[in-house]
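If you want the building blocks of each chain, they are given just below.
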Amino acid sequence: MDMGKDPCDCGPRAALEKRFNNFLQRAIVRLDILIVPFFLDSKEIIIYLVVCFISLPPLLALGFFLKSGEKLLSAGFRSHSKREFRKVAARVNLGYFLVGGGLAMIPLALGKICAPLLGEEQHLFSICLALCVGSHYGVSLFGASELINKVTGRRKETIYISSAFALCFLTYCLLSVELGLREFATGLAAMHLGKAFLSAVIVALRFGIWPGPTAILFGRIRLS
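Residues numbered from 1 in each chain as written. Predicted model: local features only at pLDDT ≥ 70, side-chain atom pairs only at ≥ 80, totals over all residues. Heavy atoms only, no water.

Undergrad: When you look at the overall build of the chain in this model, what are you seeing that I'm missing?
TA: Of regular secondary structure, the chain possesses nine helices and zero strands. Counting over 224 residues, the chain shows a buried share of 42%. Looking at the chain alone, contacts between residues at least 24 apart form 81% of all its contacts between residues at least 6 apart. (Helix = DSSP H or I, 4+ residues; strand = E, 2+ residues; numbered from the N terminus. Buried < 20%, exposed > 50% of the residue type's maximum accessible area, 1.4 Å probe, protein only. Contact = heavy atoms within 4.5 Å.)

See below:
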């Protein structure tokens, strides 16, 4: 594992590239909202927006956790100690798994309450909600691999992976003969989970850091 210098971007060109990469990442994360009007009819769009309204707010709490995790990982990386960095990464991975799994229960519980209000569309709503929850919170099963890549100076690699899966999702939407809400949500879940899985494999092979529950293999772990 390369525990070299702490990566930093210098100069106006690097700053501009960093802003563009941040914009691209945000666009990919919310790609579904940007393209859903082009692929679904008005009724399905309304159902999907309701699903997003229920499933997305808890992501803010997950974002706060990742911000804290980024600080811990950065400190561990700057220590230039392979052992220390792996311990911190294992803690963040396990915490991400636990926090993500807990937050996923919130939209699922709200969905149980809201589903009867949609009448005959409640079954489609429930399936779509489960797929969206899986796509946004299921990634915690694979740990904070994207964050680890970012902290260790491999931001471009993360961008390439995200862009490739986003392109696959767009191609799937364009080539599907009958693309309904269920198919759209399935493709979205495959995009997010596939991206997280590949990132986790890369981090595991490169650093020997395994995702989620496997973090317990790194000895005693404290989440605080």
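Undergrad: I would appreciate a short explanation of the packing of helix α5 (residues 82-114) against helix α6 (residues 122-137) in the present structure.
TA: Two quantities define a packed helix pair, namely the angle between the helix axes and the distance between the axes. Where α5 contacts α6, the axes come no closer than 10 Å and their chain directions differ by 165 degrees. Between α5 and α6, the angle falls in the class roughly antiparallel. Judged by the sense of rotation from one axis to the other, the crossing of α5 with α6 is right-handed. Across the interface between the two elements, Gly-100, Leu-103, Ala-104, Pro-107, Leu-108, Gly-111 and Cys-114 from α5 touch Phe-125, Leu-129, Ala-130, Val-133 and Tyr-137 from α6. Taken together, the residues of the contact of α5 with α6 break down into ten nonpolar, two polar and no charged. (Axes fitted to C-alpha atoms, helices over the stretch in contact; angles between N-to-C directions. Parallel < 35°, antiparallel > 145°, perpendicular 65-115°, else oblique. Left-handed = near helix turned anticlockwise from the far one by under 90°. Nonpolar A, V, L, I, M, F, W, Y, C, P; charged D, E, K, R; others polar.)

Undergrad: How should the nonpolar core be read in this particular structure?
TA: The nonpolar side chains of a soluble globular protein tend to be buried with one another. Core analysis: the biggest nonpolar cluster contains 48 residues, and Tyr-48, Leu-73, Ile-148, Phe-169 and Phe-184 have the highest contact counts within it. Contributions of two or more residues to this core are made by α2 (31-39), α3 (42-55), α4 (58-78), α5, α6, α7 (145-151), α8 (155-175) and α9 (181-207). Considering each element in turn, this core owes the most residues, eight residues, to α9. Beyond its immediate sequence surroundings of up to four residues, Leu-73 is in contact with Phe-85, Val-88, Ala-89, Val-92, Leu-147, Ile-148 and Val-151. (Core = buried A, V, L, I, M, F, W, Y, C linked by side-chain atoms within 4.5 Å.)

Undergrad: Hey, could you run me through α6 in this one?
TA: Turn by turn, an α-helix covers 3.6 residues, leaving residues three or four places apart pointing in a common direction. With 16 residues, α6 extends 22 Å from end C-alpha to end C-alpha; this agrees with the ideal 22 Å at 1.5 Å per step. Along α6, the residues classified as buried are Leu-124, Phe-125, Cys-128, Leu-129, Cys-132, Val-133, Ser-135, His-136 and Tyr-137. Across the axial projection of α6, the buried residues extend over an arc of 160 degrees, all falling on one side. Buried residues belonging to α6 abut α3, α4, α5 and α9. (Expected span 1.5 Å × (residues − 1). Arc of directions from axis to C-beta.)

Undergrad: Can you walk me through the packing of aromatic side chains in this structure?
TA: Any two aromatic rings considered together are summarised by their centre-to-centre distance and by the angle between their planes. This model, assessed by the stated rule, comprises four aromatic pairs. Geometrically, the ring pair formed by Tyr-48 and Phe-184 is edge-to-face, given 5.5 Å between the ring centres and 90 degrees between the ring planes. Of this pair, Tyr-48 sits in helix α3 while Phe-184 sits in helix α9; the two residues are 136 residues apart in sequence, bridging distant segments of the chain. (Phe/Tyr/Trp six-rings, centres within 6.5 Å; stacked < 30°, edge-to-face > 60°.)

Undergrad: I keep staring at the side chain of Ser-145 and nothing clicks. Help me out?
TA: Its place among the elements puts Ser-145 in helix α7. Classification of Ser-145 as buried rests on a relative accessible area of 4%. The contacts of Ser-145, once residues within four sequence positions are left out, are Asn-93, Ser-199, Ala-200 and Val-203.

Undergrad: Could you clarify how one ought to interpret a nonpolar patch on the surface in this entry?
TA: A contiguous nonpolar surface patch, about 270 Å² in accessible area, is contributed by Ile-106, Leu-110 and Ile-113. For Leu-110, the location among the structural elements is in helix α5. (Patch = residues over 30% accessible without salt bridge, like charges linked within 9 Å, V, L, I, M, F, W, Y side chains within 5 Å. Areas by Shrake-Rupley, 256 points an atom, 1.4 Å probe, with all protein chains shown as cover. Salt bridge = Lys/Arg side-chain N within 4 Å of Asp/Glu carboxyl O.)

Undergrad: Whenever I open this one, the state of the cysteines confuses me. Can you help?
TA: Two cysteines whose sulfur atoms are joined by a covalent bond form what is called a disulfide. Summed over the entire model, instances satisfying the criterion amount to zero disulfides. Not part of a disulfide, Cys-52 finds its nearest cysteine sulfur in Cys-132, a span of 5.5 Å. Classification of Cys-52 by relative accessible area gives buried; the value is 6%. In this structure Cys-128 is not part of a disulfide, and its nearest cysteine sulfur, from Cys-132, lies 4.2 Å away. A residue is classified by how much of its surface remains accessible, and Cys-128, at 0% relative accessible area, is buried. (Disulfide = S-S within 2.5 Å.)

Function-wise, these values are silent; they only describe arrangement.
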